[in-house]
Amino acid sequence: MHVPPATWYDRLSLAISRVAMLLIVVIVAVMFFEVLMRYAFARPTYWANELSLWLAGMVYLFAGLYAMQQRRHIRITALYDHVPRNVQRVFDLIAVLCIVGFTVGLVAGGWQSAEGSLMRWERFGTAWNPPIPATMKPLVLLVTTLICLQAISNFLVDFAKPKAPKPLRPEAD
């Protein structure tokens, strides 16, 4: 189920997510290069694995934003689908408040570490020594905040909607 963008924030989330999806192509290219160098030329790289892990971490983070925009996050549908719309709205509000609380706690608790890593350009400590901590720590806080804003946007858009029909279950053969 593809959820079309309803707000400017949905469009922004989709644009960011689509750019992040391109990182998968870069990971595949880097891994192909590594395999080629290792097995065809017996000259393995010392940076390909770390670069692919770094990029995969970014993809993982941005996948959360995409999942939230598409409303593919975890929901206990066995309960949610069987209650009246007003109760669903209460559940949605509780979920958004939990997400906001988690985001505030994560940003407040992780700000100093992320800022310190970024300011001193903390590196990974390997032969290639990329600045993975310097980039990923702030990115975790940024993307978590974007996910929180998307959750709030979803709540505001979905609040006025009537109860969705229960999904059809395929019949057993």
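Throughout, residues of each chain are indexed from 1 in the direction in which the sequence is written. Reporting in this predicted model follows two pLDDT cut-offs: at least 70 for local features of residues, and 80 or more for side-chain atom pairs to be given and counted; totals over whole chains, interfaces and linings ignore these cut-offs and use all residues. Think of the side-chain values as coming from all heavy atoms in the structure, minus any hydrogens and water.

### Quick notes on the packing of helix 4 (residues 85–119) against helix 5 (residues 132–159)
With their axes 9 Å apart at the nearest point, helix 4 and helix 5 run at an angle of 160° to one another. In terms of orientation, helix 4 and helix 5 fall into the roughly antiparallel class. As for how helix 4 packs across helix 5, the hand of that crossing is left-handed. Residue type decides the class: Asp, Glu, Lys and Arg count as charged, Ala, Val, Leu, Ile, Met, Phe, Trp, Tyr, Cys and Pro as nonpolar, and the leftover types, Gly among them, as polar. Of the residues that constitute the contact of helix 4 with helix 5, the class distribution is 20 nonpolar, six polar and five charged. Fitted lines through C-alpha atoms give the axes, limited to the stretch in contact for helices. The angle between two N-to-C directions lies from 0 to 180 degrees. Helix and strand definitions here come from DSSP, where helices need a minimum of 4 consecutive H or I residues and strands a minimum of 2 consecutive E residues; each element is numbered from the N-terminal end. Just so you know how the angles are binned, under 35 degrees is roughly parallel, over 145 roughly antiparallel, 65 to 115 roughly perpendicular, and the rest oblique. Take the far helix as the reference: if the near one is turned anticlockwise from it by less than a right angle, the crossing is left-handed, and if turned clockwise, right-handed.

### Here's the deal with the side chain of Gln69
Looking at the element boundaries, Gln69 is found in helix 2 (residues 48–69). Burial classes follow relative accessibility: with a 1.4 Å probe on protein chains only, a residue under 20% of its type's maximum area counts as buried, one over 50% as exposed, and anything between as partly exposed. Look at Gln69 and you get buried, because its relative accessible area is 0%.

### As for the packing of helix 2 against helix 5
The N-to-C vectors of helix 2 and helix 5 enclose an angle of 10°; their axes lie 8 Å apart at closest approach. Comparing their axes, helix 5 and helix 2 come out roughly parallel. Taking contact as the criterion, the partners of Glu50, Trp54, Gly57, Met58, Leu61, Phe62, Gly64, Leu65, Met68 and Gln69 in helix 2 are, on helix 5, Ile132, Thr135, Met136, Leu139, Val140, Val143, Leu146, Ile147, Gln150, Ala151 and Asn154. Residues that form the contact of helix 2 with helix 5 fall into these classes: 14 nonpolar, six polar and one charged. Whether two residues touch is decided by their heavy atoms; if any such pair falls within 4.5 Å, the residues are in contact.

### What about the environment of Arg43?
Examined against the element boundaries, Arg43 turns out to sit in the loop between helix 1 (8–40) and helix 2. A residue is classified by how much of its surface remains accessible, and Arg43, at 59% relative accessible area, is exposed.

### Looking at the pattern of salt bridges
The salt bridge criterion pairs a side-chain nitrogen of Lys or Arg with a carboxyl oxygen of Asp or Glu, the two atoms within 4 Å. Overall, the coordinates contain six salt bridges when judged by the stated rule. With a shortest N-O distance of 2.8 Å, Asp158 and Arg71 are connected by a salt bridge. In this pair, Asp158 sits in helix 5 while Arg71 sits in the loop between helix 2 and helix 3 (77–80), placing the two residues 87 residues apart along the sequence. Residue classification places Asp158 among the buried positions, given a relative accessible area of 16%. Between Lys137 and Glu122 there is a salt bridge, with the nearest N and O atoms lying 3.4 Å from each other. Of this pair, Lys137 sits in helix 5 while Glu122 is found in the loop between helix 4 and helix 5, placing the two residues 15 residues apart along the sequence. If you follow the salt bridges from partner to partner, you end up with Arg71, Asp158 and Lys161 in one network.

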